[in-house]
Amino acid sequence: MNLQTDVCIVGGGPAGALLGYLLAKKGIATLVVERTSGNEREFRGEHINAETEAILKEHHLFGKIEALGLLKMKKVEYLYGRNIVKSITPTGEDHVGIHIPQPHFLRAVSNEAAQFPNYQLLLNTTVTGLVQDEKGHYTGVKAKQNGQEINISSSIVVGTDGRYSTVRKLAGISTMEETHGYDVLWAKIPAPADWEPSTKMVFVNGHQLALFTQTGGMIQIGWNIEEGTFASLRKQPLEPFLEPLLTSFPELESTVREHIQTWKNFVCLKVFSSKAETWAKDGLVILGDAAHTMTPTAAIGINCAIKDAYVLAPILEQALLDSDFSETRLKEFEIARRAEIEQQQEMQFEKEESFKDNFLEVIGR
Ligand SMILES: Cc1cc2nc3c(=O)[nH]c(=O)nc-3n(C[C@H](O)[C@H](O)[C@H](O)COP(=O)(O)OP(=O)(O)OC[C@H]3O[C@@H](n4cnc5c(N)ncnc54)[C@H](O)[C@@H]3O)c2cc1C
């Protein structure tokens, strides 16, 4: 099968979905290629900040997502054992972040995009190759859907295919990865009926244990563990690992016992941050986790990806009007975004190193 479009977006996560919508709204022929069925996103960055909220409101997407379900966080608490040592409640605004399940975000945005006849979403389709012309400019992709090959020609190829980006690798863009000394084990349990929407951070043996209330009455729990230790940890009994959680939140005892019975109930996120050497080549641009993987600290991964799409959309629109798909033109996006992203990556390192400072009053220096 052969397809043609102005912009081919590889990856229908937050960055790809929003960019697809913004371009389609401008009348640009846009094709989003997503390798999954669109529903397989159980553990992902799902907390949005005020800047993302404003972007979604500007484009009348917030109300559509709200109709599917979201949850405003009422406070952030820091606990040492059972004691709350610090509490942050909103000043002026009515929340400290909003939980939006990625499936709700993706469904709302792609439903809106689907109104435009110039928009197409190919699910269960995996990009396996890039196409270049004789000058080396990128002019499309090769993809597979149910074993069938699809050739897609496009003026611009966009890589929004996440932390292990195929587009980035195929375009020969190297990336510098930095580990942060920890990985995260995620698990989900139902929240007690009277659990206030909040983020709770606990200091456990020098590491962070975080509980995030979620839309739909769930709590997502993230244990920071020493980097690369999950394989050895899972050979040990589970009980001592759960003990600090149950000490801080005895009210969760029965639900934890019911829903976390073996190490198989955890998902391990390998934590690293990365910086791609360039975000643009002739006819190709990368953004979101593909360009700069973030760590879970401060839950900014999805926010960075969404802002990338928001900043890139008008640049691509103008590039198409001018028929200029050169690296120099597409680099405008990197120039607009790289400094802020790198600052945020620095902030993540600093926050991780200073996590214990939130508890100085109880643990001392
Ligand atoms: C398990 C996990 C847990 C996370 N937890 C947190 C957290 O707690 N807090 C936080 O802030 N951030 C977290 N993140 C990061 C956050 O989810 C990302 O920063 C955010 O989703 C980035 O959006 P994106 O659109 O750039 O990439 P992604 O959301 O990764 O989307 C990429 C999309 O591309 C698709 N794709 C990949 N390869 C191909 C291909 N070859 N062809 C077609 N499609 C392809 C994928 O299926 C995916 O849908 C987590 C990430 C993961 C993976």
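Residues numbered from 1 in each chain as written. Predicted model: local features only at pLDDT ≥ 70, side-chain atom pairs only at ≥ 80, totals over all residues. Heavy atoms only, no water.

Things to note about the pairing of strand S10 (residues 138-145)
Remember that side chains alternate between the two faces of the sheet whenever the strand is regular.
And then number 1: Bridging between strand S9 (residues 125-132) and S10 involves seven bridges; their strand directions are antiparallel. When the sheet's bridge partners are listed, Val 131 is paired in S10 with Gly 140.
And then number 2: Taken together, S9 and the strand that follows it, S10, pair antiparallel across an intervening segment of five residues, in which Gly 136 is found at a positive phi of about 90°.
And then number 3: Of the strand pairs in this sheet, S10 and strand S11 (residues 148-159) are connected by six bridges, and their pairing is antiparallel. Its bridge partner lying in S11, Gln 145 is registered against Gln 148.
And then number 4: Connecting S10 to the next strand, S11, in antiparallel fashion are two residues, including Asn 146 with a positive phi near 50°. (Pairing = 2+ DSSP bridges. Helix = DSSP H or I, 4+ residues; strand = E, 2+ residues; numbered from the N terminus.)

Comments concerning the nonpolar core
And then number 1: Judged by nonpolar contacts, the single largest core of 71 residues is most densely connected at Leu 19 and Leu 316.
And then number 2: If one sorts the elements of this core by residue count, helix H9 (residues 301-321) sits on top with ten residues.
And then number 3: In contact with Leu 19, other than residues within four places in its own chain, are Ile 9, Val 158, Leu 287, Ala 309, Leu 312, Ala 313 and Leu 316.
And then number 4: Within the second largest apolar cluster, 26 residues are counted, among which are Trp 195, Leu 242, Leu 252 and Ile 260. (Core = buried A, V, L, I, M, F, W, Y, C linked by side-chain atoms within 4.5 Å. Buried < 20%, exposed > 50% of the residue type's maximum accessible area, 1.4 Å probe, protein only. Contact = heavy atoms within 4.5 Å.)

Notes on the domain arrangement of the protein chain
And then number 1: Each assigned domain of the protein chain is listed with its residue range as follows: domain 1 (2-46 + 101-178 + 273-353) and domain 2 (181-269).
And then number 2: Each of domain 1 and domain 2 was reduced to a C-alpha centroid, and the two centroids are 32 Å apart.
And then number 3: Listed as interface residues are nine residues of domain 1 and, on the opposing side, ten residues of domain 2.
And then number 4: Carbon and sulfur atoms make up 66% of the area that domain 1 and domain 2 hide from each other, which totals about 780 Å².
And then number 5: If you look at where domain 1 meets domain 2, you find zero salt bridges.
And then number 6: At the junction of domain 1 with domain 2, the criterion picks out three residue pairs in polar contact (both at pLDDT 80 or more).
And then number 7: Taken together, the residues that form the side of domain 1 that touches domain 2 break down as three nonpolar, two polar and four charged. (Domains from an automatic or database assignment. Buried area = accessible area lost by both parts, 1.4 Å probe. Salt bridge = Lys/Arg side-chain N within 4 Å of Asp/Glu carboxyl O. Polar contact = N/O pair within 3.5 Å; in protein donor to acceptor, adjacent residues only side chain to side chain. Nonpolar A, V, L, I, M, F, W, Y, C, P; charged D, E, K, R; others polar.)

Topic: the packing of helix H1 (residues 14-25) against H9
And then number 1: Running from amino to carboxyl end, H1 crosses H9 at an angle of 30°, the nearest separation of the two axes being 8 Å. For the element pair H1 / H9, the angle class is roughly parallel. In this structure, H1 meets H9 at a crossing whose hand is right-handed. Where H1 abuts H9, its residues Pro 14, Ala 15, Leu 18, Leu 19, Leu 22 and Leu 23 lie against Ile 302, Ala 305, Ile 306, Ala 309, Tyr 310, Leu 312, Ala 313 and Leu 316.
And then number 2: The residue makeup of the contact of H1 with H9, split by class, is 14 nonpolar, no polar and no charged. (Axes fitted to C-alpha atoms, helices over the stretch in contact; angles between N-to-C directions. Parallel < 35°, antiparallel > 145°, perpendicular 65-115°, else oblique. Left-handed = near helix turned anticlockwise from the far one by under 90°.)

Things to note about the pattern of salt bridges
And then number 1: Per the counting criterion, the structure on display carries 17 salt bridges.
And then number 2: In this structure, the salt-bridge partner of Lys 200 is Glu 77, at a minimum N-O distance of 2.9 Å. Residue Lys 200 is located in strand S14 (residues 198-204), and its partner Glu 77 is located in strand S5 (residues 75-80); the two are separated by 123 residues in the primary sequence.
And then number 3: Residues Arg 338 and Glu 342 are paired through a salt bridge, measuring 2.9 Å at the closest nitrogen-oxygen approach. On the criterion of helical spacing, the pair formed by Arg 338 and Glu 342 is a turn pair, its members being four residues apart in helix H10 (residues 327-353).
And then number 4: Given a relative accessible area of 26%, Glu 342 falls into the partly exposed group.
And then number 5: One salt-bridge network, held together by shared partners, links Glu 51, Lys 307, Asp 308, Arg 337 and Glu 340.

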